[in-house]
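Here is how the chains run, residue by residue.
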Amino acid sequence: MNGNKAFAPEYQGALRDMSVNTAYEDVLGQARIREQWASEEGTALDVAQAKLAVAESCRRLGHLEEAELAWKASYRAARTADDTAARAWALWSGGTLARQRGELNLALRWLSQGRDLAAAAGDIVAYGYTFAGVAETVRIQGDFEQARGLHEHVLTEARKRKESRHIVWALEGLAQIERNTGDLESAAQRFEEAARVAEDSGDDRGHAWALRGQADVLSLRGEHDQALQLLTSAEGTCRRMDLSSALAYNRKMRGNVHFRAGRYGDAARTYRDAHGKFRAIREPRGMALAQLGLLKSLDELGRPSEATMADLVALRDEVNGNELWQTRRMVENAIAERTA
């Protein structure tokens, strides 16, 4: 860390001066300029670094085919350059993309390989990112016990090195696990600390995610209006920074808050909006969660139960093909509630 401020190590070489808070359209524009120069005048390592930035900005903007081509091109260039750390970073990008697509087994394979390469290269930061990627993938799969140990390891190492982005990330991950296992008090404390560290270090992205988590806990406690205020604040950051995925999850959480407050019409409208945003970036987990929320909202609004059940079964079958086991359990619970 530089002065304990958040930075973006995925922006490398000539792109390293970009901020973690640079809007992704701007990142992509600068990365493409650097990519053109590197292909004509630069080294293979220059190409790898430029392609990595292209891959990450495209992934976050929802341009998934271009992101796929870019991370693989980054890996090939890194191999040509015989740079093991650059190969690790490319695999981190590829694994993160696979997770976004719901391909969790593939994500674990790429991220684990990247972690091993980063260890071999002695790149502590790349190792931390790939290790964290493995932890998040395990958490999304629903193996909370294993995920907790992995997240605790990331947090311990991040605190040692004062890496604020990873401190924030690990705190949020642990908070999610505790929220999902029913420990709302601990989850609230984790989210609050994450928001504080993110704000102090200038990590606007991490701060927006932490506010979303805080809003979730507040609404579970019945403090719905305060939760909506936090989501509105976070939404402004998401829009300013082109955080397409974070914005979609923010909208989905807004739907959750409306649903818990009994405002089913507002919930249905918000879930539809979230589903459209997830569809635009082709994130199957988010699409499934938004669709589940929409179906439950329509059910509360008086939709025929047979239609809701048919759609829930179709959603379960769709999720089955995406390795999203935790999400599948949520859909199965909704089906069980209506057949009890």
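Everything that follows concerns the structure shown earlier in this document.
Everything numeric in this text was worked out from a predicted model, so none of it was measured.

The rules behind the values
- Residues numbered from 1 in each chain as written.
- Predicted model: local features only at pLDDT ≥ 70, side-chain atom pairs only at ≥ 80, totals over all residues.
- Heavy atoms only, no water.
- Phe/Tyr/Trp six-rings, centres within 6.5 Å; stacked < 30°, edge-to-face > 60°.
- Helix = DSSP H or I, 4+ residues; strand = E, 2+ residues; numbered from the N terminus.
- Buried < 20%, exposed > 50% of the residue type's maximum accessible area, 1.4 Å probe, protein only.
- Contact = heavy atoms within 4.5 Å.
- Salt bridge = Lys/Arg side-chain N within 4 Å of Asp/Glu carboxyl O.

**Q** Looking at this structure, I do not really get the packing of aromatic side chains. What am I missing?
**A** Ring pairs (aromatic) are described by centroid distance and by the angle formed between their planes. In this structure the tally under the stated criterion is 8 aromatic pairs. Measuring from centroid to centroid gives 5.9 Å for Trp209 and Tyr249, while their planes differ by 50°, and the two rings are tilted. Of the two residues, Trp209 sits in helix H10 (residues 204-220) while Tyr249 sits in helix H12 (residues 244-260), which places them 40 residues apart along the sequence. Given the relative accessible area of 5%, Tyr249 is considered buried. Ring centres of Phe259 and Tyr264 lie 5.2 Å apart, and the angle between their planes is 70°; this geometry places the pair in the edge-to-face category. Overall, Tyr264 belongs to the partly exposed group, its relative accessible area being 24%. An aromatic cluster is defined as three or more aromatic residues linked by ring pairs; in this entry it consists of Trp89, Trp92 and Tyr129.

**Q** Even after reading the chapter, I still don't get the side chain of Thr237, so can you show me in this structure?
**A** Within the secondary structure layout, Thr237 lies in helix H11 (residues 224-240). Residue contacts for Thr237: discarding those within four places in its chain leaves Asp204, Ala208 and Leu243.

**Q** Can you walk me through unusual backbone geometry in this structure?
**A** Leave glycine aside and you will find that most residues have negative phi; peptide bonds, for their part, are mostly trans. With a phi close to 55°, Lys162 is a non-glycine residue in the positive phi region. In this structure, Lys162 sits in the loop between helix H7 (144-161) and helix H8 (164-180). The phi angle at Asp242 is positive, at roughly 60°, despite the residue not being glycine. Judged by its relative accessible area of 24%, Asp242 falls in the partly exposed class.

**Q** Would you mind going over the pattern of salt bridges with me for this structure?
**A** Side chains that differ in charge, positive against negative, can pair when their charged atoms come close. With the rule as written, the count across this model stands at 34 salt bridges. Note that Arg99 is salt-bridged to Glu136, the shortest N-O span being 3.5 Å. With Arg99 in helix H4 (residues 84-100) and Glu136 in helix H6 (residues 124-141), this pair connects stretches of sequence that are 37 residues apart. Residue classification places Arg99 among the buried residues on the basis of a relative accessible area of 12%. A salt bridge links Arg139 to Glu136, with the nearest nitrogen and oxygen atoms 3.8 Å apart. Of this pair, Arg139 and Glu136 both sit in helix H6, 3 residues apart, roughly one helical turn. Since its relative accessible area comes to 11%, Arg139 is described here as buried. One connected set of salt bridges, linked through shared partners, spans Glu235, Arg239, Arg251, Arg254, Asp273 and Lys277.

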